[in-house]
Amino acid sequence: GMILNRIFAEIPIFGSVVLKVIKGTPYFVDLRNFAVSPSADTLGEANYIIEKHLYSPQEFMKIGKKFGWNDLDKTMEEFRKMKNVDYICVYERYGEIEEGEEGKKTYPYKRIFLADVGIDEYDNNRTLIPRNGVVLKEDEIEENPYWEFHFDKLPGRWLGVGVVEILTDPQIRQNEIANLQAKGSYWAALRLFQTRDQAVNKNLMTDVKNGEVLKGDSEITQIDMSDRNLAFFNEETVKWNRNRDELSFSYDVVQGERLPAGTPLGSAKLAAGMTMSFFAQIQENIALDVKEFLYEVILPTFESENNAEHLLRLVGEDLDELNALLIEQTATNELFSFIATNGQIP
């Protein structure tokens, strides 16, 4: 339940959620450390899938022994040659690998763990030899362990489209309006004065005492620094808010706000119905993927765990209830046996 709730909480934000199933247990994948063929429609069609892991040296040794990785000591030796690096970077790659000689090449689908450790070196000709890292494990598999869920999709792009991306343009414009309004408020906060008297040459904030009488050939008046673009800013904000609502189907009737005066009840019901249909379609699309995930991963794991032999201890009232059921069943069996033998009900 927590996993399903998190899926539906994150998928409108990022547009995509990826789960990784390890021995029947699903884990969320950090999309910042997840690379896939950008133009692939699904993970099953991707030429490569790469997940990056960052481990501390102690964590790396612990996980390496748990999953049977090779060359752990060599990896630690190469890691210690590196400077200003606190974590060991391990790449987990899924994809086809070219093997064999020319004319006899094969392309098995493999999972490879590669530790990106070591330092770049130079040969005698001062030619750079980049580090190759250390291959920790390599095995051939049938399919990748990832499950994907998408909010919305674009043709030719694997990553889904989320609400944050949909609202990027309105948000940028809203930020620009807010910044311009904030800059204007600095000018509006200034208190400037003007006069035609050339003899007045002082700052009224610092050079004039409270109650002092100023003598001059011309009066001193305050300059109007008020912002005259407030109506424009308000109009722009309302316009982009309306655009935001249209893109995300968040109309007044959905937000629970009061509808504009004179709006017919039929129009409100129509808008509410169309909006609910829009979100219901999204829910159905995601739910179909969730259903497949439940049937392919969760239920088989549950079945395998519950098919094992169990020992159930009954005491107290539970034991009395079980005894009553057994006695009732035994009496019922004897009743039907007597009827079948004697042809009458005792």
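The following refers to the structure shown.

Cut-offs used in this document
Residues numbered from 1 in each chain as written. Predicted model: local features only at pLDDT ≥ 70, side-chain atom pairs only at ≥ 80, totals over all residues. Heavy atoms only, no water. Axes fitted to C-alpha atoms, helices over the stretch in contact; angles between N-to-C directions. Helix = DSSP H or I, 4+ residues; strand = E, 2+ residues; numbered from the N terminus. Parallel < 35°, antiparallel > 145°, perpendicular 65-115°, else oblique. Left-handed = near helix turned anticlockwise from the far one by under 90°. Contact = heavy atoms within 4.5 Å. Nonpolar A, V, L, I, M, F, W, Y, C, P; charged D, E, K, R; others polar. Expected span 1.5 Å × (residues − 1). Buried < 20%, exposed > 50% of the residue type's maximum accessible area, 1.4 Å probe, protein only. Pairing = 2+ DSSP bridges. Core = buried A, V, L, I, M, F, W, Y, C linked by side-chain atoms within 4.5 Å. Polar contact = N/O pair within 3.5 Å; in protein donor to acceptor, adjacent residues only side chain to side chain.

Bringing the packing of helix 2 (residues 57-67) against helix 3 (residues 72-81) into the picture now. Across the interface, helix 2 lies against helix 3 with an axial gap of 11 Å and an inter-helix angle of 160°. If you check the angle between helix 2 and helix 3, you find them roughly antiparallel. Judged by the sense of rotation from one axis to the other, the crossing of helix 2 with helix 3 is right-handed. Contacts from Pro 57, Phe 60, Met 61, Gly 64 and Lys 65 of helix 2 reach helix 3 at Leu 72, Asp 73, Thr 75, Met 76 and Phe 79. Class assignment for the residues of the contact of helix 2 with helix 3 results in 6 nonpolar, 2 polar and 2 charged.

What follows covers helix 6 (residues 230-248). The end-to-end C-alpha distance of helix 6, which contains 19 residues, comes to 27 Å, matching closely the 27 Å that a straight helix rising 1.5 Å per residue would cover. Here helix 6 has its buried residues at Phe 233, Glu 236, Asp 245 and Ser 248. Following helix 6 by one or two positions, Phe 249 adopts a phi angle in the positive range, close to 55°.

Attention now goes to the sheet that holds strand 5 (residues 88-96). The pairing of strands in a sheet comes from backbone hydrogen bonds and takes either a parallel or an antiparallel form. Strand order in the open sheet formed by 5 strands is 3-4-5-6-9, with antiparallel pairing between adjacent strands. Both outer strands of the open sheet, strand 3 (34-36) and strand 9 (134-140), are each paired with one neighbouring strand and no more. Pairwise comparison of adjacent strand axes, ignoring direction, gives a mean angle of 15° for this sheet. One ladder, built from 3 bridges, connects strand 3 with strand 4 (residues 48-55); its direction is antiparallel. Pairing of Phe 34 across the sheet is with Glu 51, part of strand 4. Contacting strand 4, strand 5 and strand 9, helix 2 runs over the sheet at an angle of about 130° to strand 4.

This part covers the sheet that holds strand 2 (residues 25-28). A sheet is described by the order of its strands in space; here 3 strands give the open sequence 2-1-10, paired in antiparallel fashion. The open sheet is flanked by strand 2 and strand 10 (146-150), the only strands paired with a single partner. Adjacent strand axes in the sheet meet at a mean angle of 30° when their direction is disregarded. Direction of pairing for strand 1 (residues 16-22) relative to strand 2: antiparallel, over a ladder of 4 bridges. Note on strand 2: the bridge partner recorded for Leu 19 is Phe 28. Against the sheet, helix 1 (residues 2-14) engages strand 1, strand 2 and strand 10, with an angle of about 145° to strand 1.

This brings us to the nonpolar core. Phe 60, Trp 69, Ile 88, Val 90, Val 117 and Leu 136 are the most contacted members of the largest nonpolar core, which has 15 residues in total. For this core, the secondary structure elements donating two or more residues are helix 2, helix 3, strand 5, strand 6 (109-115) and strand 9. The dominant element in this core, judged by the number of residues it contributes, is helix 3, at 3 residues.

Time to look at the environment of Ile 119. Mapped onto the fold, Ile 119 is located in the loop between strand 6 and strand 7 (121-122). Taking the C-alpha atoms as reference points, Ile 119 and Ile 129, separated by 10 residues in sequence, lie 9.2 Å from one another.

Attention shifts here to the pairing of strand 6. With 5 of its 7 residues buried, strand 6 lies for the most part within the structure. The pairing of strand 5 with strand 6 spans 7 bridges and is antiparallel. Bridge pairing in strand 6 links Glu 96 to Tyr 109. Relative to strand 9, strand 6 runs antiparallel, the two sharing 6 bridges. Within strand 9, the position partnered with Leu 114 by the bridge is Val 135.

This part takes up unusual backbone geometry. If you check the backbone angles, Asp 71 has positive phi at about 55° while not being a glycine. With a phi close to 60°, Asn 84 is a non-glycine residue in the positive phi region. Looking at the element boundaries, Asn 84 is found in the loop between helix 3 and strand 5.

Attention now moves to the side chain of Glu 92. With respect to the helices and strands, Glu 92 occurs in strand 5. Among the residues examined, Glu 92 registers a relative accessible area of 2% and is labelled buried. Here Lys 20 takes part through its side chain, which lies 2.5 Å from a polar atom of the side chain of Glu 92. What Glu 92 contacts, discounting residues up to four positions off in sequence, is Lys 20, Ile 49, Ile 50, Glu 51, His 53, Arg 111, Ile 112, Phe 113 and Tyr 146.

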